[in-house]
Amino acid sequence: MQTRINQLRKELKITQEELADKVDVTRQTIISLEQGKYNPSLLLAHKISKALQAKKIEDVFLIDDN
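What you see as residue numbers is a count from 1 along each chain, following the sequence as written. Thresholds applied to this predicted model are a pLDDT of at least 70 for local features of residues and 80 or more for the giving and counting of side-chain atom pairs; totals over whole chains, interfaces and linings are not thresholded and use all residues. Excluding hydrogens and water, the side-chain figures rest on all heavy atoms present in the structure.

A. Quick look at the overall build of the chain. For the chain, the helix and strand inventory stands at four helices and two strands. Starting at the N terminus, the α and β elements of the chain follow one another as β-α-α-α-α-β. Two things to know: the radius of gyration comes from C-alpha atoms, and the globule rule equals 2.2 Å times the number of residues to the power 0.38. Rg of the C-alpha trace for the chain: 11 Å, near the compact-globule value of 11 Å for 66 residues, within the 12% margin. Along the longest, intermediate and shortest principal axes, the C-alpha atoms of the chain span 30 × 25 × 20 Å. Across the 66 residues of the chain, 38% fall into the buried class. Taking as baseline every contact in the chain between residues at least 6 positions apart, the subset at least 24 positions apart corresponds to 51%. Total accessible area on the chain is roughly 4600 Å²; 47% of this is exposed by carbon and sulfur atoms. Lys and Arg are tallied as positive, Asp and Glu as negative. Neither His nor the chain termini are counted. For the purpose of locating charges, the reference atoms are NZ of Lys, CZ of Arg, CG of Asp and CD of Glu. For the chain, the distance from the average position of its 11 positive side-chain charges to the average position of its 10 negative side-chain charges is 4 Å. Strands here mean DSSP runs of E at least two residues long; helices mean DSSP runs of H or I at least four residues long; both are numbered from the N terminus. Partly exposed residues are those whose accessible area sits between 20% and 50% of the maximum for their type, while under 20% is buried and over 50% is exposed, using a 1.4 Å probe and protein chains only. The contact criterion used is simple: two residues touch if any of their non-hydrogen atoms lie within 4.5 Å. Each accessible area value is a Shrake-Rupley result obtained with a 1.4 Å probe; residue values ignore everything except the protein chains displayed when judging cover.

And the structure:
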């Protein structure tokens, strides 16, 4: 799964550590999400979307239909 976490995080000038703290995960989890190595739970995707001020989860997480 591709994400826009890195792009949105940088636009808001939020570090990986700050985002991790906001959504109660480790920095390593944020790194894995940004690299597309980890698919978040629906709850985590929702928390990240809110923390990045996105209106919808789909604005942050790009779901591949294949």
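Read on for the rest.
B. Fine view of unusual backbone geometry. With phi around 60 degrees, K13 is a residue other than glycine that occupies positive phi space. Considering the arrangement of structural elements, one finds K13 in the loop between helix 1 (5-11) and helix 2 (16-23). In this structure K13 comes out as exposed when scored by relative accessible area, which is 74%. Notably, D24 is not glycine yet its phi reads approximately 60 degrees, a positive angle. With respect to the helices, strands and loops of the structure, D24 is situated in the loop between helix 2 and helix 3 (27-34). Classification of D24 as exposed rests on a relative accessible area of 64%.

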